[in-house]
Amino acid sequence: MSLIRLYVRHERLILPTVAETEAGFYVDMEPINVFEIHELEKWRQELYLRLANGNPLVPTPERSEDPGSAILERLNITKWSTFETSAIMYTIHSGGRYISVYRTGKGADGMWTQENTDLRQFASRTPLSWIARAVAEDVVKQPEANRPKTSLMLAPPAKPESEK
């Protein structure tokens, strides 16, 4: 069983190391790779390697007053809500029967919600290269992966001097 998370924000793909703690929960930690979306082959290959290698095992962190976030620190963001409203998260969970790929949905407030989450399931014997390709194909379609399409608003033609 393994778990991978990746985030898509502002035409970038953020791929943290997801480690399993001795207590059995998963944490995002350094190293964190940040790729430009257009570097598709590069990040798809790294995703494949993460799927193939599974999660490193780390000691359970001690409880702290300020847990922080490796993601926010890497991106130099102070509030999780700032990150969440401008990003989407993919979670890939390899279990016994299925490899499940979840893409977070967004609520009316722009925050992640389970109600609009998309789920794709693949048989556990599906080649990992296919999983990486399916995730990549979905990522590039998301608004967070693409520059917003803006149109220029043209000003009306200037009136000739004789009409002013």
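About the cut-offs
- Residues numbered from 1 in each chain as written.
- Predicted model: local features only at pLDDT ≥ 70, side-chain atom pairs only at ≥ 80, totals over all residues.
- Heavy atoms only, no water.
- Pairing = 2+ DSSP bridges.
- Helix = DSSP H or I, 4+ residues; strand = E, 2+ residues; numbered from the N terminus.
- Core = buried A, V, L, I, M, F, W, Y, C linked by side-chain atoms within 4.5 Å.
- Buried < 20%, exposed > 50% of the residue type's maximum accessible area, 1.4 Å probe, protein only.
- Contact = heavy atoms within 4.5 Å.
- Salt bridge = Lys/Arg side-chain N within 4 Å of Asp/Glu carboxyl O.
- Phe/Tyr/Trp six-rings, centres within 6.5 Å; stacked < 30°, edge-to-face > 60°.
- Polar contact = N/O pair within 3.5 Å; in protein donor to acceptor, adjacent residues only side chain to side chain.

A. Quick look at the pairing of strand β3 (residues 26-36). Two elements, strand β2 (residues 12-21) and β3, share nine bridges in a ladder whose sense is antiparallel. The residue bridging T17 from the neighbouring strand is M29, located in β3. Linking β2 to β3, which pair antiparallel, is a turn of four residues; within it G24 sits at a positive phi near 100°.

B. The nonpolar core, seen in detail. Core analysis: the largest hydrophobic core is formed by 23 residues, its most contacted members being L6, V8, L13, I92, V135 and V139. Where this core is concerned, the elements lending two or more residues are β1 (2-9), β2, α1 (40-53), β5 (87-94), β6 (98-106) and α4 (128-139). Apart from residues no more than four positions distant in its own chain, V135 is found in contact with L6, L47, Y90, I92 and V101.

C. Spatial organisation of the environment of A52. Here A52 shows up in helix α1. Judged by its relative accessible area of 42%, A52 is partly exposed.

D. Here's a closer look at the pattern of salt bridges. If you walk through the whole model with that rule in mind, you get seven salt bridges. One network of salt bridges, with partners in common, ties together R103, D118 and D138.

E. Spatial organisation of the environment of T104. Structurally, T104 is set in strand β6. Accessibility expressed as a relative area gives 12% for T104, which makes it buried. Measuring from C-alpha to C-alpha, the distance between T104 and I88 comes to 5.9 Å, with 16 residues separating the pair along the chain.

F. Expanded view of the packing of aromatic side chains. In total, this model carries five aromatic pairs according to the counting rule given. Ring centres of Y7 and W112 lie 6.2 Å apart, and the angle between their planes is 15°; on these two criteria the pair is classed as stacked. Highlighted residues: Y7 in strand β1 and W112 in strand β7 (residues 112-123), separated in sequence by 105 residues. Neither Y7 nor W112 differs from the other in exposure class; each is buried. Seen from their ring centres, W80 and W112 are 6.0 Å apart, and the 85° between their planes marks the pair as edge-to-face. Pair noted here: W80 is in helix α3 (residues 80-85) and W112 is in strand β7, with a separation of 32 residues, a long-range link. Look at W80 and you get partly exposed, because its relative accessible area is 30%. Counting every residue linked through ring pairs, the aromatic cluster contains Y7, W80, F83 and W112.

G. Representation of the side chain of R5 in the model. Relative to the helices and strands, R5 is located in strand β1. Relative accessible area serves as the criterion here: at 16%, R5 is assigned to the buried category. Reaching out from R5, the side chain makes a polar contact with the side chain of D28 at a distance of 2.9 Å. Excluding residues that lie within four positions of it along the chain, R5 makes contacts with L15, P16, V18, Y26, V27, D28, M89, Y90 and T91.

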